[in-house]
Each structure stands twice: as structure tokens, then as C-alpha cells.
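Read off the chains here:
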Amino acid sequence: MAYRDFLCYGDVIALKYDEDTDGFLCTEGLANSGCYLSSISRGSDGDVALNFRDCVFEVMPRLQYEYAEHKDSLKSKPKALMTPAEADRHKRMKVATQRELDQNDAEQARMQGKSVTYGSIIQLIHVRSRRFLMVADRSSETEKDSLLVSVDHGSEAAWFRITPRFKVRVEGEKVCIDDLVVLQAVKRKCNLHVGKPLQQGLVVSSKAEREVNASPITGGARVVAWRVSSYFAFTNDSAQFLKSGDVFRLVHAEEEGNMCYQVVKDDPHVFLKLADDAKTSIDSHSLWEVELATAMKGGLVAWSKSVRFRHLTSGRYLCVERLESLADGPVGHTLATTSDQSKATTLFRLEAAGVQETELVPRKGKVRIVHTDNDGIKLWLTTTDVDISSGLTDMERLRELDTQRPLVKFPRVGLRPMPSDSDAFHIVHCPVELIDQVNYVLSVKPRLEAFTNKLLELPPYKDSKPPPPGSVSFDLAIGVVSELIFYATKSPMAKDAMTHKALPDRSRQKVLRELKLPDLLFGVISALTVEDGGRYIRLANLLADKKAHLLMRLIYRLLYHYSRDYSKNEFSLARPDRFRVFQVHSGFKVGSAGLLASLFSKNFRVLERLVGDEEIRRFMDVAKTGRSVRLDLLTALASCNGKPVLKNQNAICKRLFTDEYISVLYHSELTPEGRIVWVDHEPSGGEKRYTTAQLASKEETCEFLSDQIDLLSALVAGRHVENKKALISRGYQYQPLLALMRDVTVPPMLRGSFVRLFYAMYVDTRPFEVVVHVGSTRVWDELSDQPITKAAFKVKNELETGETKDFSFDDVKGALKEYFASVASVTLTAGENYLMLSFMMILKELMAYGFYSWNGIYEVLDLLIPILDGRDDDVDQRFKVTEATSDLMDAKVQILKFLSSIYDARSSFRVTKMLYQYKQVIKGGHFMVDWKNDREKQGVPEPTFSINRKAFDDLFRTESEAGRYFDFDRCGGAKLVPILVDLVNYEHPELVKLTLRLLFGFFTQRSALLSSVSQVQLLMSEELVKTFKMVGKWQSQLEAIANNGQGTLSQADSPDTAQVVSILSSLTAHCFASAVPSENLQHQVLLRNSSVVDQVRRIAVLARGGSTARSDPEFRSNLVVMRPCCDFLIAFVRGNPANQAALFGHLDELLFVFSDPALPSAELIVETLRDNEMLVTSHSLDKILRHIQGMLGPPNYLRPPLRALATLLRAGDKPIQTNQHPVARVLRDFEKSRAGITLLGPTADQDMPSEYRTQILLLFQQCLETSTGINVIVQRLLRTVLPVEQLASAIVDVDSPVDLVTVCVKLLDLVHVNTDESKDAGRHAALWQVIEHLSALMRVKDFLLAVALSNEQEELFLSILTLVTHIATKQLVDYDWSEEPTRLTTMTSLVALLFDLHDRSKVELLRFETLSALQEMHMSLPAAFADFGRKPDLARPRTAGAILSRNTDSTIDSVAYDVAAAGVLDVELTPPLPGSGVRHHY
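Draft legend 1. The arrangement of the packing of helix α41 (residues 1250-1264) against helix α44 (residues 1298-1313) in detail. Packing of α41 against α44 brings their axes to within 10 Å, and their N-to-C directions diverge by 30°. In terms of orientation, α41 lies roughly parallel with respect to α44. Along this stretch, α41 crosses α44, giving a crossing that reads as left-handed. Contacts between α41 and α44 involve Arg-1253, Thr-1254, Leu-1257, Leu-1258, Phe-1260, Gln-1261 and Leu-1264 on the former and, on the latter, Asp-1299, Leu-1300, Val-1303, Cys-1304, Lys-1306, Leu-1307, Leu-1310 and Val-1311. The residue inventory of the contact of α41 with α44, partitioned by class, reads 10 nonpolar, two polar and three charged.

Here it is, written out as C-alpha cells:
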């Protein structure tokens, strides 16, 4: 493409320094916004600049910023603090700013392509960072009398007037390319200037030399000229085509994987990352930037142009290397990368994979990538069978390749000498925001690496000689880490990164993980501290060095934001070597304890793997060092993700109240008045007593006491009886805690902690159980028209006084009512939101336990609905999830959950009331039904039931007696529906999900009620009622054992183990207790409607424990419990689609629990998915396949997993096409994992029985067959797994069983023959060996003389005919028989055999199929049929007349006539008469 002579708006240019032929104005633009002069390097092909894109700017017209700057001045003031006049001005500014932005866009579009003239005011936007070149209002780094030049967001400081350097040009003339120009900053009145060399501490790029700043126009400063160098000329259609500098992904069209480059275990690889979501998922390692052959010139990419592919994250170029040996790749070449872009091996060309419509490459094209070497050999990129992840452990896969899923494959990308449509790549462009994120992290990594190297260059540390002052500058590293904290949270820069609070951005967390920033941060930590291998300072002296201590705190703060609420990032940090560093640092006030608490609080797998009793002791020893150590780490160890960890609870509690750790907590004592005072045991032996108000008055002590109460709540969570006794004996009793819970003078966070402790000790405790409002089982004799509530519990409270106490919780309900009334009309802070969440926990449990009547619920809702209403909140922020609004949204979520539970209870009560009224009708009443007598047909009265409309409507009318409890839709003085509609606009997924569920339930109340009634299981027989009560009893017993934890199930001869085994055996027997299937179905439904299955799952998880080794004695003894659990679940789902669906959501967890080969986990998969199309087509089957893949092993263990795979391929008789490719890949990987052993051929596994070999091949066949034809993707996959030679060897082997030969014949046809893609199989020697063998095979199997065929013989014969037909019609069309005359003889003999079969066989099916095959073959093989007619030595079939006289089937007659009419038979036939029933096939 030719470049214009004149500079235009929209052109991309580079500014070349006039006095330095190799110097260009350059900036990184992201991490470092400063500008400097970059010198290019000289390559073998001329001027070549590394990262020349950092030097290019787009020319833009002057934009306006008047209103934007005024609006920015109001952003710092919160809207709540604005006066009405300021708020109105802010609103008007917002409208004006948007109008100004629209005008700027219109002006930019209008000016694009127009020439730039001297004297014009322009703006230069940096192409890579999309920030404007501007002159800042502060001094430069090297010259204090000059101003700093940088890139930033647009403002008037970005206006530059372009003037000529010499007087030969005048204002008004067009600016020409290669002109020398002077850029004058309009606002600052200065010229763009080149300053002094940058100091060493300021160098941020290896190519930085001199600073670019701005010097005043007056004062005699030397004028610096810049030469305008064109990089890319603007064109109107540039957005439609691929251009240099575009960043995209190359997605393989067939394999659907991203082409990536990465160093895996010190070996560089170019590979495909295959995943189910490869088309939409973006990996940082899959980003490629295209460059033209000359890097200093940009433009549109044409099909004929050579290009380079630069890997964005590594900066290396894709290249082709020649191999000395031909064994490793085609024609002695392999695909690699290089840092030297001047090599000719980095040049590639793009070819259109489809129709080439233009000379330019479209932006969203499908291409093949080809390289031509020095010898003129063309090589196309293709995929290979080499998986770079083979041999990696799960942890290595996670660390190196960012996945633990073994089904994700990473085939290496190679080269092939022939083009193929199967090697096409989609060009998929990436969002600009993601590219900026990656570039930013890449720009800060060199800074941290340089700082780490500086630390490692220090002399060995000596206690007597600490590093001299100033030996290492921490300012740059502190600034970089601080910027990364704001980057991870997607927040604007603030003053203090340590106190900055914001929610992390998930996409940025992902980029940090993929670019391995934690490795770099750990490198800084290791180089900093002597204990970790560094040379700077000891941990004991860290507090004395303020900057080093601050840097460590910032690093841990960054790691906290990096891993927060992102399980993959948590796993990347939870490595044993890093955990040891965290543990050592937890006692030095650097934030490692908070990071560990974040890692453990929501990730049980990490907690289980890394923490044992010894680690807990070490953490508690750290807690003894002082009150400044936070206790949230111990809290996270005791309760993970809201679930108690029993062994950790016991380990912490048994130490916490001993004399050794007496100084860790404030110990509580009760005063004579019944109030709690706090005793501080000092290390010196003294004691100090404080009231709650005294500790709450100081922020530090208040925060510590809040953490302490949270720790105690975690220790008693899960109804831990022993720990509750320990706390009550130390003063944490009912009334004192209730008083603290109601004390409004206590700070909200501390008060919320007291509420949660009260909840754990006195609400979520025995004997209180959930009153199951929502259920699908009703006992006929217990139906009632009153809602189920519990006015009070009279229980023996052994935890306190041993006296009988009336537990009605009236005092607690009063406290709840007081609190919700006090916050109904106020704006809540973060601490008050936490307090509300705590009170909501108690409210939900009391309602679930039945302590609230409908009137009481209505009173509470009248207070909660105004809190839910957010229509009067701050409009700018209320919809967004921020650090300030997240707690409020969580509180709204809890209110919505409470509403959902109430709505469910209301629905359940309506169902019960309808059934009760139906019961009254059965007993003789007439409340809900109309009686009709039909005497015409029967002559006697016959009752017919129909729902009375008025009585049904009364359940929904709030003024009626039947519906008086249900007026929840107008609580709080406002309609609930408008509030819910407003909540849909919130950017909180869970909140929106619950809101939509409530809205849907509100508008479908009637239909939902009718549907629920139809699904109720009414227990009327004594047997079912007895079973129902027995199941409830067993469920309670299992729950009690599960609450006691794993220790009760650790031994096979323990009483709990025996009881569990007995209960499970009884439950399994009840699934098939009757010989009548319908009665067994009733038992299964009853079990589903109860929660006994949930308790069985809990028991199985506890029995599994933490053991993983089969030889572990504890694990082996746990099989005594796990086997009955698995047997019951199999019986529970067998033949019941509803039960299958109920268990499917937990199948992944259960398969992990039942992972031992001695357990029938594969049978559990089979019974859960059998004939259930909805489940078999579920998107969550990837995890199930992973478990099945782990089961594939020695031949003795093959049958169960193969049955499981077969279940995934069919639902009844319907093939499941979506599962065929994943299952085929699992089987292929199993074959590859056997180190050269194959299914068939000389290298076949001799130890594998033929039945297993046949079963695997049958699975391959099922993976190929669809309802509409053949799965082409699987067909391509199996061509390498089952080559022609192996299939042929099994077919021609005389010792092969019939079923094995049959499936091999079918696979040969499906994989290699029945395809339109290639004709290579027709010329394959092994295929002709099979053809030659077919005649002998059919004679051996007695097809000629058999009176009747067995099923095996019939299937084999039909398979052979299908294969022969497809060979003729697919592979031998237009075959050049002159090259291989012996093959013509082979086909002629086969034709003769088929005619002989038809003539002599006594089986009509055989004759019919043979003639059908002959008819199809004749159209494709005229030469073979003609050769058959010419050879007198071949036996002729009998005359056609004799054939017709023997055939009674008109269809067979028609086929015979067609064959004869085509000239195959040497006879004359009379055509069938019209109406004779003979069908013609032409």
C-alpha cells in the first residue's frame, strides 16, 4: 500500500528526533506514563525497532474538555454532603459533559482523512495505551526548569500547535510526511524538548536514554524539531480488515483450542489449549500481535504480504527451526519462538481457508498459516498428537498450565508439508480493556525484577553490619506494588494503599495469575529477608526498617486482593513452600495472618491439605505474642465457608483455655448483677478488668474483642456440645449475652459478633429442629387446617442450670423487633449492615424452628420491607457492587431469602389446607367440592369431585378467613412488587436471582398451588406411614452421628459404625421391599421427599475423611461405612428419573468420596444417568468424565467404567451427539497412556481379554453414529487412534472372534471408508488386504450354504456388505485400474461372489441385501462389472427367470430387474407390469 505525501487526521505516525537518526519519542503509557527518547536497534534487514508500537501516535483534531474538567472538581464530594444547589449543578454538569463527549466523537469522525495544516491545534493519542500526549503541571525528572511530558487522559494540556521548523513552510500549508515540525503546548506555552539522560533509578525500560520534556518558548531555549514518520495512513475501511498491531487469538477451527506459547517446566512450547469454552475464554498466553515484515511500517495485512506473529506476554516471535533429524517433525522442521525478529524464519503468510473475496485479510477471517523456508519448502501449521501436559501431576498442571482438569489437553502445534482445511484458524480479536490489563502487568514486571536483582546483589548479611543506609531504594518498589493494589481492585489511585478497601476485579485477578505475578512477589520476599534466603534484613529487625516493613505489608495486601473470592488464585498461593513462608511471617505484623485467614475461610480443600494439629499449635503460639495479632486466622481454621471443622475446633479449644495460652484472650467473668466483665491476664502475672464499654471505647481493643467473639462463635458452630459447655462455664450464658445483644451503646461490629455468638450457642442448638414447611409428603390422618408452629419448647437445659426452661424466645423476638424498628428508616454503615446480617440469621432460624406465628411473621415483615426498599438511595451507586454497598446488598439478600422461606411456607400451608378440605369431603363434608350424580350410564349415584372456584379463591383473598395469613405483598406500607422490580436492576447476581424467583412466584401462585397439590405424596396405607416414621427416626439418628464428626466413624467396630451400617442396610432394603414395582416407587419417592439422602451424603463424606491412600488403615476401615452408603444411593436412583435428578447435583462430590476401586462408583454413575436424556445432556458432565477417566486402569477394572461411558452415549435408543467427542477423547487418552500398547495389531495388549477390547471398539462405534449420519469430528479423531493397518489385522486374523471382526469391519467403514474428505483409503494396501480377505471370510462363515443366519452372522454379513458398498461408492469412484490391474481382478472376484451368494443362498434377507449392494456398486464400478461379464472362467449365476420364479418378495424382484436392466446379467427380462407391485429404484 502506498503512503500519502500529506499528513491527515487519523494517520498513525512516529516522531523522530532530528539530531539522532535512531531516536523516537516513546512511552510505555501504562505503568510508566513518562516519555523518553528510545533508540532503535539495527538488524540484518535495516532499521528494526523492538516494541516499535510504543513509539506510534494517532493524529486527532482538538477536542473540548470544558465541562469534563468542571465535573471532575465535584467528584471528590459525596452526593449526600452536597447542598441542593451543588447537586443541581452536578446534575447539569453531567448532562453537559455527555453532550460534550458526543460532540467530540462527531468532530473526530468529521475530520478523519482531512489534511493537517501548519498552525492547527492537534492531539496525539498513544496507540498502545490510548492516552493523550500532554504536558503536566510539574517539573521534569532531569531538568527542573522544564515541565514533565507524559501520557494521560485527555485535557486541554494535550493540545499542541504544529508549526514548521524552517521558514520554507508557512502556516496554512499542508503538513507533509517527513517534514521537520515543532510541537508547541498551547496551555503551558512550551515546546516539546529532549532533556538530559535519565538517572539509573528512573530507568524503566532497557532502551530508555534521554527524557522528553517541555521547555519554555521564551528564554533562549534551543528549538527541538521532530520528523514526522508515517506508520499507517488512515483509510475508511481499516476497521474491516486485519492491520499491523492488532492483538487477537488464533482458535483452531477443528480442535476448538487457543494457540498459546508458554514455558512449561523450563521447556518452551507452542500448543493448543483445548477446553469446552475455548471460543469464549481468553488466556493471556493466547494473545498474539501481528506485525508486517518491516516493523517500522504499519498497514493493512494482505494475503500476499509476509507477517510476523509476536507473542504478547513473552515478546517472542513465532518462527520455524530446522531440525537435524527428521524423526521429530515433517521435513525436518519444528515450530518454535525467538527473540530476534530480524530472522527470515519469523516470516509467515496467511492463506484463506475458504473463498478469498478480497486482497486484504478480513478482521474476522478463517486462515491457514504457511511458512516458506530458504529452500522454497512450504510448511503449514497443524496440530500433533503430542500432549505437553502428559506426565504432569495435578498440582503441576495447576501451576504451569492453570488447570487441574485432566480432560483439558494441550497438543503441540507442529508443521505439515501439505495444506488441509482441518488446520484452519479463526482470528478472534480481544477486548481492548484486556489488552491494556496485560500490557500494564507486563510493564511493571521489569521493575520488580530489577528491584529483586538489586537486593540479591547485596553482600551476605551480617548481624554486626546491617546494610548501609540508601544501599537499596524502596520507593520505586513501594510505588509499583501500591499501583498494583489499585489495579487489582479497579480503583482510582488513592493516598494509602494499605487502608484502601474495594472489591477485586476478577478479570484482572486472572491476568495476574496467568502472568505469574505471585512468583515475582515471592521473589521479592525471598530476596528481602534472611530467613527466606535474602541478604537485606532479618525478620526480627523488620519493624525497625520502616520502608522494608511497609513493602512487605503492601505485598501481602496485594496477595490478599489477588486471591480474594477467587478459588483458582487461592490454590496458586496454597503451595506448601509458600504456606511455610506465610506461617513464619504471621508473627511479624506484615499481614500474612490476614492472607491465610482469607485463603482458609472459603476453601476447605486448601485447609485440609495444609493444616494439621502442629500448624494450629504454631499459629496459637504466634497469638501469644500480643494483642496486636488478629484472631481471624484461628476463626477461619475452626469454621470454613460457614461449616465447622470439627478436628480444628477440638484442637483450638483444648489449648485456648489452658494456662499456657491464658494471655491470648480477654477472659470473661460474671458479676453478681449478671453482667460480663473482661479479665486481661498480663504476661507478668497481673490482671486487669474491663467492662464492655471500656474495651469498646478504643478502636484497637474493640476490634480485638470482636475477633475474639467471632472465634468463640466458630468454636461452638455446628452444635458442638463440649465446646458450648466450656464457654458457658466461663460466663457466656443466655441472659448476659442477650443483654449485650440488645445494648445499643455497643459498636455495631462488636454487637454483631455478640449476636452471632448467641445464635451459635442458644439458637442453633439441640433439641431445636427445622419444622419442614415445604415438603411433598403428607400423612392422611395428620392433615390439619392450622399452620405448624411451636409455641414453646420445654426442655432440660443441661448446659446452664439443669433446670427445665420454657424456650419460647419471646425476649429474643422482642430484641429483633426493637432492632428492625430502629433501622427501618436510616442509612446503614458497613458495621450496621454486618449487625443486620447477624440479626437476620437468628430471625431465619426462629422462623424455621416454628417459633413465629403468621401474625408474628407479618409484624417482622412490616419492618423488613422498608429496609429492602432502596428506591430512595444514592442513584449513582446503589446498583453497583462496591466495598461500601456489598454488605447492604448482602443484607438485602438475607431479607429476600427470608421472604422466600415465608413464601414457601405459605405455599405449603395452602397445599395442606386444600388436602384437609379434600379429606373433609371424603368424610362426608362438602366444603371444596361439588357433588354430581350421573344416573344415565350406571343407574346408581357416582361421586365426581371438582374444585369449588370460590373456596379456591378464598386461599388468595386476604380478607377471607382462609387467606387471612397471607397478606405479605403490602407489608411496610408499600407494595412489594414495585420494590422487587427495582431490585432487578442491581448488579448482584444472587440478589437478582432471588428477586426474580419471588416475582415469578408472585404471579404464578395459583398454577404453582395446583402443580404442588398434584405432586404431593399422600400416605394412606399403614405400611407407608410406618415407613415414613421409621425413615424420620433413622434420619435423626444419622444426623446425630454426623454431628459428632469423623471420629465416631474412624473404626469399623465402633457402635456408631455398626448403627450406621444397620440403618443403611434397612434403607436400601426399603427401596425394593416389594415385588410390585409401583410400591417400590412409592418408597423411593418417600425417601426423596425426606432429607435422609442428605444425611447419607454427610456420613459418606465423614467416612471418607482426609485419607487418600488405599493402604491407609483408616481409609480401609472407612470402607465398612462407605460401601453401604454407595449401595443405598444406587438403590435410591435405580429406575427413578426424579431421584436421579435429585442426586445428580451431588454426583461429583460423591464420586470423589467413593473413589476407591473397591466401591461401585461406576455403577452409581450408570444408575444415576441411565436413560435420562436431560441429565446425560447436561453441561456439567465434564467432572463426571474426569472421574471415569480416573477409573480406567488395568483390564480387571475396565468393565465398570466402560459401562459408565456407554451410559453417556445413549439415552434409551437415542444417541447423545454432544457427548460423543468427549467420550472418544477419554478413550483415546486411555489408549495413549498405555505406553505403545494398542488395542489391535502386533502391539496389542495380550493381557486384555477380547471382550474388553470389543467393548472399547463398540464405544468408539457409538461415538461415531448419530441420528443423522456420522460424527465427523470423532471420525477425524479416530483416524489416528485406529489406523487402517490395525483394523485390517484384526479382520484378517482367523483367530479373531466374530463380534470383534464385526465391530472392526464397521469401524473400518465408519472411520476410513465412508467419508467424502479423502480418497486416500481407497489406495491403502491394508484396505485391499481386507477386500481380498472378505471372500474367504464369507465362505468360512457358511453364508453360501446356511439355511438361517444367527444374529452374529447376520450382523457380520450386513457389515461386510455395507463396507463393500461404501468402498465402491466412496473410495473407488474414478479409480485408475490401469495402475493396479490385480486389484481389478480382486473386485471382479468379489462381484462374482456376491452374485453367487444371491443365486445359491436360502436366506431371503441375504439375497435382498446382496442385490441392493450390487445395484449401488454397479454405478461406481462399471469396469469391475464389465470385467465380470467378459471372463468365462467365472461361475455364472442362474438365469434371471429362475431367480424371479424363486423370489416371492416384490422388492427383491425389483432389485433383480434393475440389476439385469443395467446390463449386469446376460439375460433378457420382461419389465414388470403396472400395478404388479414391483418397485423400481431408478
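Draft legend 2. Quick look at the pairing of strand β2 (residues 23-27). Taken across its five residues, β2 has five buried, putting it largely inside the fold. Burial along β2 is two-sided: Gly-23, Leu-25 and Thr-27 and Phe-24 and Cys-26, pointing in opposite directions, are all buried. Bridge count between β2 and strand β3 (residues 35-39): five bridges; the pairing is antiparallel. Following the sheet pairing, Cys-26 is matched in β3 by Tyr-36.

Draft legend 3. Up close: helix α38 (residues 1181-1191). Most of α38 sits inside the fold, with eight of its 11 residues counted as buried. Among all positions in α38, only Leu-1181, Asp-1182, Ile-1184, Leu-1185, His-1187, Ile-1188, Gln-1189 and Met-1191 are buried. Among the structural elements, α34 (1137-1144), α35 (1147-1153), α36 (1161-1169), α37 (1173-1176), α39 (1199-1209) and α40 (1217-1232) are those in contact with the buried residues of α38.

Draft legend 4. The arrangement of the sheet that holds strand β30 (residues 676-681) in detail. Ordered by their spatial adjacency, three strands build an open sheet running β29-β30-β31, and the pairing between neighbours is antiparallel. Where the open sheet ends on each side, the last strands, each with one partner, are β29 (667-670) and β31 (687-690). Neighbouring strand axes in the sheet, compared pairwise and without regard to direction, differ in orientation by 35° on average. Two strands pair when backbone bridges link them, and β29 and β30 are joined in this way by four bridges, in the antiparallel orientation.

Draft legend 5. Looking closely at the packing of aromatic side chains. The final tally for this structure, using the stated rule, is 26 aromatic pairs. Ring plane angle 70° and centroid distance 5.8 Å describe the contact between Phe-271 and Phe-410, whose orientation is recorded as edge-to-face. Residue Phe-271 is located in strand β17 (residues 267-274), and its partner Phe-410 is located in the loop between α3 (394-401) and β25 (411-416); the two are separated by 139 residues in the primary sequence. A relative accessible area of 1% means that Phe-271 is categorised as buried. Each residue in the set Phe-24, Phe-52 and Tyr-231 is aromatic and connected to the rest through ring pairs, giving one cluster. Directly above the ring of Trp-159 sits Arg-62, whose terminal nitrogen or CZ lies 5.2 Å from the centroid.

Conventions we followed
- Residues numbered from 1 in each chain as written.
- Predicted model: local features only at pLDDT ≥ 70, side-chain atom pairs only at ≥ 80, totals over all residues.
- Heavy atoms only, no water.
- Axes fitted to C-alpha atoms, helices over the stretch in contact; angles between N-to-C directions.
- Helix = DSSP H or I, 4+ residues; strand = E, 2+ residues; numbered from the N terminus.
- Parallel < 35°, antiparallel > 145°, perpendicular 65-115°, else oblique.
- Left-handed = near helix turned anticlockwise from the far one by under 90°.
- Contact = heavy atoms within 4.5 Å.
- Nonpolar A, V, L, I, M, F, W, Y, C, P; charged D, E, K, R; others polar.
- Buried < 20%, exposed > 50% of the residue type's maximum accessible area, 1.4 Å probe, protein only.
- Pairing = 2+ DSSP bridges.
- Phe/Tyr/Trp six-rings, centres within 6.5 Å; stacked < 30°, edge-to-face > 60°.
- Lys NZ or Arg CZ within 6 Å of the ring centre and 35° of its normal.

Everything listed here is a matter of geometry and, on its own, says nothing about what the molecule does.
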